[in-house]
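Coordinate analysis (summary)
Here are the chains, one letter per residue:
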Amino acid sequence: MTAHPAPPQAAARGMGAALRQDSALKHATGEARFLDDLPEPPGLLHAALALSPVAHGRLAPLDPAPALALPGIVAVLRPGDIPGRNDIASAGSNEPLLAEGMVEHAGQPLAIVVGMTRDAALAGAAALRPEIAPLPAILSLEEAIAREAWVMPPQEIRRGDAAAALAAAPHRLAGEFRAGGQEHFYLEGQIALALPGEDGEMTIHSSTQHPTEVQHIAARVLGCPFSRVTAVTRRMGGGFGGKESNASWVAAAAALAARHTGRPVKLRLSRKADMAATGKRHPFLYRWQAGFDGTGRILALDATLAADAGHSLDLTAGVVFRAITHALGCCDVPDVALRALACRTNTVSHTAFRGFGGPQGALLIEDVVHRVAGALGQPPEAVRARNFAGGENGAETPYGQALEGALIRRVWAEAQRDADWSARRREIAAFNAAHPTLRRGLGSMVLAFGISFGQMHMNQAGALVHVYTDGSIRLNHGGTEMGQGLFIKVAQVVASVFGVDVDRIALSATSTAEVPNTSPTAASTGSDLNGWAAHAAASAIRGRMAAVAAAEWGVPAEEIAFAEGQVTAGGNRAMEFGELARLAYMQRVSLSATGFYRTPDIHWDRAAMRGEPFFYFSYGAAAVEVAVDLLTGEHRCLAAHLVQDCGRSLNPAVDLGQVEGAFVQGLGWLTCEELWWDAEGRLRTLGPSTYKIPGSRDVPPVLRVRLLEGAPARSETIFRSKAVGEPPLLLATAVWNALKDAIGTDRLDAPATPERVLMAIRGG
Amino acid sequence: MSDRIGFLLNGAPVSLPAGTSPTMTLLDWLRGPAGLTGTKEGCAEGDCGACTVVLEAADGGRAPINACLAMLGQMHGRAIRTVEGLRGEEGGPHPVQRRLAEADATQCGFCTPGIVMAAWAQAREGGDPHEALAGNLCRCTGYRPILDALAAMQDDRAPPPVLPVAGTACFTAEGQVFHHPASLAELLRLRAAHPAALLLAGGTDLGLLASEHRQRPAAVIALDAVPELQACTGDAAGLSIGAALPYGRLLPWLDGGLAPFAALLRRLGSRQIRSLGTLGGNLGTASPIGDALPVLLALGAGLRIASARGERACAVEEFLTGYRRTTLAPDEVILAIRLPRPAAGEILVCEKLSKRHDQDIAAVSGAFLLRVEAGRVAAARLAFGGMGPMAARARAAEAALTGAPLARPAFEAAAAALAQDVAPLSDWRGSAAYRLAAAQGLLRRLHWRIARPDLPLEVHAL
């Protein structure tokens, strides 16, 4: 472990300062309140879910009697008890909150049991005996493909003539591999607290990345206008995409129970129920053919990326969009045909997970590069570099957006240098030649990750800023805090506009009543969107305050400066920020403003599958070393050198934490986190005792992370920063590559557990 | 007439109201009636560590535990500290809390209180920082800043608590009775009188009943206050280990030739689990994947088993009879484990394969005791876990090794013979094919351990 010097642009307190997560000390003292820590309102009831034990079947109307016979049961809510629509779809339609007539996956909610206590509700849910006549279930991607079972039509991105280019290529290879899904394992499970109010109002405290969707879906289920529902989120104990759409139905279930009983209801899923009933990262199956020449230049690629969507659409459209737009990674291939299949299986509906299909997409080109390198006897990093976008190769993605070839080459050169790559290669070769049972390997990754929501309309944000007459400031925006440091970053933006210390900014819970019609905090866009929206709100107030000061002092408004808590003009006029706020109030000037931002310049043609859907790309590179035990398949990442482009970082401490955390999460996805479904389609890894996320010892003992220096974003982002939430997760692909290097295998499915590694070594 | 459960909470004595369920988890009590919501529930199965609190011992020792697995009755007579009970000298945040915050070691913060408590224990107990964190999952940070903060922590030199004296007690609640005997005689009497009662050693397995499955067992006999079951004595030949001695307190005894067993136990669960979990419990549950069982089989360990009828001795090998089945009679308790030390010329090797190195349940575990004489394997005892319905010796593999020259072919032959010894299952921890291949790999690794003691032979030794 090594210390990380703050990048040179870091100021002590202002923009670019390495300030701590807003609640860090409260987290450590236990004072930070998560939803389940809030004082419970009088009359609170608790809800629990009855889940389907069967993957697919006909469901008879559920008999509530076994639950109602138990003490402390208040109600058993079934589909007929829903006053609005039994539909919690975030994008499509007809995704039921409670199964009606048919069950489509094991773990699907069948009923909501409401009890005086949580234990009573859980006992009631466990007592129900659903009658389900089983039907054949689709439990594998292969079967879904064979049956052409899709949740949406296949998508395709084409450029040139892949078939002809394949036929003409000097060399050809074909490949197939798969990548598993991933459980979010946010430490705080899904939870909502619904409080019924007057006139049909419902206030929902929800651990959600998307309060507006909680509002919409609760209103849809309750059958009331959006205006009657308020969704509030102060903080989440982790989200990672798992609380983008899945939090909404949990909240809607709590709201339904609250509406039905007229009392406050809390629904906190047990870890097992959470893991059974909520979606995960989409597992993928890949099949490809590539044509290339003797130099390693990949000339043609025809590939199918099949995503396991689970039983319904959920956010799969966006996930497969991102998978095929990221399937060439940082590389250029002239003639391509990339098909994405969104397969419908009788599995929980898979959903957003940090990277949102991007990490799965990037595995494709990495597998092709690995195989081409193996066929030519070249190192994979040389083949990848031979195909880097830009330079002598094309710079445009197959869908028509330019990549920055210079940045791609720069991040890789820096990571290679940091790792002392050539020297490591020699040392490893010597070690491998001498050791009877251990093998070391080197692996690399270079990423290009497009930033913006794939759904163009979602690239908007709002903020609300109040300045009070004592000069204190309250900030609210549509973004949610899940630990990623969004609140402190946006506060830094506002503090810099007003020229005040960030401590003057009071942060407040995200609420649909304060900022409406928001997008989820997702797609890494939290600070890009909300930072600009808050900047706009603060700038509007600052403009009004500057006019007041200018009139007071008889100087042009342009001469008014805001810095260090002071408002000044020239060298001889100054007043405290709070003094000016008071003066503005006395002159009846509004000190409150909303701010709004829409990402400029992005467009996408769905019919042609072309456009420039991303405001910009983030880049990064990794060079890692692993060791493998040939006898047991045990392996370990020994060193990782990461370089991540964050533009001009808004907060290097926060960004560093995002890079490290994402890398380790990616390491888990690709190595130890295995979702295991049994032959009946039931997930059997339903808790941390069976589903293994990385522990501290799994972090490489040498972990060196650098934020790329002197590389402000070229697009007009907030203070020329770049998004950081998701891109660095892709850096962990280097570990998968290094494992293949160590054992010299063509194919290694992910997660590369000790079992998969051993079986690959043994050629099975 | 029920006794009342009493303990020290953050230094102050607490006496629970009569009628409090003695099997309520400490976590539910803290977050509910006690109003201390700093301690979190992340999994309710003792794996994530968000619920970590610390038991403070009279000798100043600090044992982190999972509050989700601990039943209130078990806490009788203990001193518990939670995240709310840590304060700095001026009443502000404790230096451990400050340091974690200042190191950017919190992102979402949900795991942080548990990590604070693990770190506070580590500041006094010391040792491998990964061991200190093995029981605490963080999904946000990637751990690097937490490890940095841990490396900079110092003991606050807070004085040990004065523990309340806890004699034999019995706690009752609606439909429940929880016996807490403080002497062996009392324990054996209760065991004879209540053969259906659950024996609660550390509760790291049984605790799931209350925590995850939300059950309220009708009758429990807790073993933690019986002095004979907590004792450990040793001589040149071996150790006598009280069956209810927590692993954490057993570890210092496992020196010399038993050091490989200690290294294995450091991967059993986490510190939180080892603060409560016991060897007797591992034997009593007789799980095919109990980490310690292959070692006991390889070493030829024996048991002292007691009842009101008297005492008997039993080899571990005879004690285990099938999947979670043993010869323990309904009126008996395991008193002690007699663990022989490897003799001069004997080599003990303990192995465990799992998806994650720390705090995982073994897909395959193995323990091998070899006696090497004049370049030959004079004797071999090979035992495996995870390879069948119970932990068992691999007799065919043993036979292949015994008498053979200490060279690669003998271990290859043992690996081949192993297929006759085992009948592994396929499940989420590994397929049958992998389990066999990996277990064979462990026998091959055994060869290299002996042939090339100079080499690191595990990825974690690099």
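Numbering of residues begins from 1 in every chain and follows the order in which that chain's sequence is written. Ligands are numbered from 1 and chains lettered from A, in the order in which they are written. Given that this is a predicted model, residues contribute local features only at a pLDDT of at least 70 and side-chain atom pairs are listed and counted only at 80 or more, while totals for whole chains, interfaces and linings are drawn from all residues. Side-chain measures here rest on the full set of heavy atoms in the structure, leaving out hydrogens and waters.

1. Concerning the nonpolar core
- Put simply, buried Ala, Val, Leu, Ile, Met, Phe, Trp, Tyr and Cys residues joined by side-chain atoms within 4.5 Å make one nonpolar core. Summary of the burial criterion: residues with accessible area below 20% of their type's maximum are buried, those above 50% are exposed, and those between are partly exposed, where the area comes from a 1.4 Å probe applied to protein chains only. Of all hydrophobic cores here, the largest spans 209 residues; its most connected members are Leu301(A), Phe498(A), Ile560(A), Phe663(A) and Leu100(B).
- Each helix is a run of H or I in the DSSP string that is no shorter than four residues. Each strand is a run of E no shorter than two, and both are numbered from the N terminus. The biggest single contributor to this core is helix H15 (residues 526-553) of chain A, with 13 residues.
- Grouped together as the second largest cluster of nonpolar side chains are 72 residues, Ala70(B), Leu245(B), Leu276(B) and Ala298(B) included.

2. Notes on the confidence of the model for chain B
- Residue-level confidence of the predictor, termed pLDDT, takes values from 0 up to 100. With 100% of its residues at a pLDDT of at least 70, chain B reaches an overall mean of 96.
- Scored as a complex, the prediction yields pTM 0.97 and ipTM 0.97.

3. Examining helix H3 (residues 118-127) of chain A
- Arg118(A), Ala120(A), Ala121(A), Gly124(A), Ala125(A) and Ala127(A) are the residues of H3(A) that are buried.
- Only heavy atoms matter for contacts: two residues are in contact if any of them lie within 4.5 Å across the pair. For H3(A), the elements touching its buried residues are strand S1 (45-51), helix H2 (65-68), strand S3 (73-77), strand S5 (109-115) and strand S12 (265-268) of chain A.

4. A few points about the packing of aromatic side chains
Residues and elements named next belong to chain A.
- Here a pair means two rings of Phe, Tyr or Trp (six-membered ring of Trp) with centres within 6.5 Å. Their orientation is stacked below 30 degrees between planes, edge-to-face above 60, and tilted elsewhere. Scanning the model with the defined rule gives 19 aromatic pairs over all chains in all.
- One aromatic cluster is present, built from ring pairs that chain together Phe 321, Tyr 399, Trp 604, Phe 614, Phe 617 and Tyr 619.
- For Arg 235, the ring lying beneath its charged end belongs to Phe 34, and the centroid distance is 5.8 Å.
- Sitting over the ring of Phe 431, Arg 440 keeps its end group 4.4 Å from the ring centre. Whether a charge sits over a ring comes down to the Lys NZ or Arg CZ being within 6 Å of the ring centre and within 35 degrees of the ring normal.

5. Observations regarding the domain arrangement of chain A
Residue and element names in this part refer to chain A.
- Throughout the structure description, domain borders are defined by an automatic or database domain assignment. Considered domain by domain, chain A is made up of domain 1 (45-135 + 207-226 + 236-259), domain 2 (406-453 + 609-764) and domain 3 (460-598).
- Placing a centre on the C-alpha atoms of domain 1 and another on those of domain 2 gives a separation of 37 Å.
- Each side of the interface is counted separately: domain 1 has four residues, and domain 2 has four residues.
- In total, domain 1 and domain 2 occlude about 270 Å² of area from one another, counting both sides; carbon and sulfur atoms represent 53% of this.
- Note on definitions: salt bridges are taken to be side-chain nitrogens of Lys or Arg within 4 Å of carboxyl oxygens of Asp or Glu. Counting across the domain 1 and domain 2 interface gives zero salt bridges.
- What qualifies as a polar contact is a pair of N or O atoms within 3.5 Å, subject to a donor-acceptor requirement within protein and to the restriction that residues adjacent in sequence count only when both atoms come from side chains. Linking domain 1 with domain 2 are zero residue pairs in polar contact (both at pLDDT 80 or more), by the criterion used here.
- Charged means Asp, Glu, Lys or Arg here, nonpolar means Ala, Val, Leu, Ile, Met, Phe, Trp, Tyr, Cys or Pro, and polar covers whatever is left, Gly included. When the residues that make up the side of domain 1 that touches domain 2 are grouped by side-chain class, the tally is four nonpolar, no polar and no charged. In this description, buried area is defined as the sum, over both parts, of the accessible area (probe of 1.4 Å) that is lost when the two are combined.

6. Focus on the environment of Pro109(A)
Residue and element names in this part refer to chain A.
- Positionally, Pro 109 belongs in strand S5.
- As for Pro 109 and Leu 97, which are separated by 12 residues in sequence, their C-alpha atoms are 7.0 Å apart.
- Non-local contacts of Pro 109, meaning those with residues more than four positions away in its chain, are made with Leu 49, Ala 50, Leu 51, Leu 97, Leu 98, Ala 99 and Trp 249.

7. Some remarks on the pairing of strand S21 (residues 560-563) of chain A
Residues and elements named next belong to chain A.
- Residues Ile 560 and Phe 562 of S21 are buried on one face, while the alternating residues Ala 561 and Ala 563, pointing to the opposite face, are not.
- Two strands pair when backbone bridges link them, and S21 and strand S22 (residues 566-569) are joined in this way by four bridges, in the antiparallel orientation. Following the sheet pairing, Ala 563 is matched in S22 by Gln 566.
- Here S21 hands over to S22 after two residues, with Glu 564 in that stretch at a positive phi of 50°. Strands are labelled as partners when DSSP assigns at least two bridges between them.

8. Describing the pairing of strand S6 (residues 169-173) of chain B
Residues and elements named next belong to chain B.
- Going residue by residue along S6, you find Ala 169, Phe 171 and Ala 173 tucked away on one face and Cys 170 and Thr 172 left uncovered on the opposite face.
- As paired elements, S6 and strand S7 (residues 176-180) share five bridges and run antiparallel to each other. From the neighbouring strand, Phe 171 faces S7, where its bridge partner is Phe 178.
- Here S6 hands over to S7 after two residues, with Gly 175 in that stretch at a positive phi of 75°.

9. Here we look at the pattern of salt bridges
- Overall, the coordinates contain 84 salt bridges over all chains when judged by the stated rule.
- We note a salt bridge from Asp332(A) to Arg159(A), for which the minimum N-O separation is 3.1 Å. In this pair, Asp332(A) is assigned in the loop between helix H9 (316-325) and strand S15 (335-344) and Arg159(A) in strand S7 (residues 155-159), connecting sequence segments 173 residues apart. With respect to burial, Asp332(A) and Arg159(A) carry one shared label: buried.
- Measuring nitrogen to oxygen at the nearest pair gives 3.4 Å for the salt bridge that ties Lys740(A) to Asp367(A). Here Asp367(A) lies in helix H10 (residues 358-376) and Lys740(A) lies in helix H18 (residues 733-743), a separation of 373 residues in the sequence.
- Connected via shared salt-bridge partners are Asp36(A), Asp37(A), Glu40(A), Lys266(A), Arg268(A), Arg31(B), Lys40(B) and Glu41(B).

10. Overview of the interface of chain A and chain B
- At the interface, 81 residues of chain A touch 75 residues of chain B.
- Roughly 6600 Å² of surface becomes buried between chain A and chain B when both sides are summed, with 58% attributable to carbon and sulfur atoms.
- Area buried by chain A at its contact with chain B is led by Leu187(A), Ser696(A) and Arg697(A), which between them contribute 12% of it.
- We note a salt bridge from Glu634(A) to Arg445(B), for which the minimum N-O separation is 2.7 Å.
- Inspection of the region where chain A meets chain B yields 34 residue pairs in polar contact (both at pLDDT 80 or more).
- Going through the elements one at a time, helix H1 (24-29), H3, helix H8 (271-277), strand S16 (438-451), strand S27 (616-629), strand S28 (635-644), helix H17 (652-671) and helix H19 (754-761) of chain A are the ones with two or more residues in the side of chain A that touches chain B.
- Ranked by residue count, the leading element in the side of chain A that touches chain B is H17(A), at eight residues.
- For the side of chain A that touches chain B, the per-class residue count stands at 33 nonpolar, 26 polar and 22 charged.

11. With respect to the sheet that holds strand S9 (residues 219-222) of chain B
Residue and element names in this part refer to chain B.
- Overall, mixed pairing links the four strands, which are arranged S6-S7-S9-S8 in an open sheet. Looking at which strands have only one partner, the edges of the open sheet turn out to be S6 and strand S8 (198-200). Geometrically, the sheet is characterised by an average inter-axis angle of 20° between neighbouring strands, direction not taken into account.
- Note: S7 against S9, three bridges, orientation parallel. From the neighbouring strand, His 179 faces S9, where its bridge partner is Ile 221. Lines are fitted to the C-alpha atoms to define the axes, a helix being fitted only along its stretch in contact, and any angle between axes, read from their N-to-C directions, falls within 0 to 180 degrees.

12. Re the domain arrangement of chain B
Residues and elements named next belong to chain B.
- Each assigned domain of chain B is listed with its residue range as follows: domain 1 (6-151) and domain 2 (229-451).
- Between the C-alpha centres of domain 1 and domain 2 there is a distance of 32 Å.
- Of the roughly 1300 Å² buried at the junction of domain 1 and domain 2 (both faces included), carbon and sulfur atoms supply 49%.
- It is Pro 64, Glu 131 and Ala 134 in domain 1 that bury the most area against domain 2; as a group they hold 39% of the surface buried on that side.
- The tally of links from domain 1 across to domain 2 stands at three salt bridges.
- Taken together, the connections running from domain 1 to domain 2 amount to nine residue pairs in polar contact (both at pLDDT 80 or more).
- When residues of the side of domain 1 that touches domain 2 are traced back to their parent elements, those giving at least two are strand S3 (52-56), strand S4 (62-66), helix H3 (112-125) and helix H4 (129-133).
- Ranked by the residues each element gives to the side of domain 1 that touches domain 2, the list is headed by S4, at four residues.
- When the residues that make up the side of domain 1 that touches domain 2 are grouped by side-chain class, the tally is 10 nonpolar, 11 polar and four charged.

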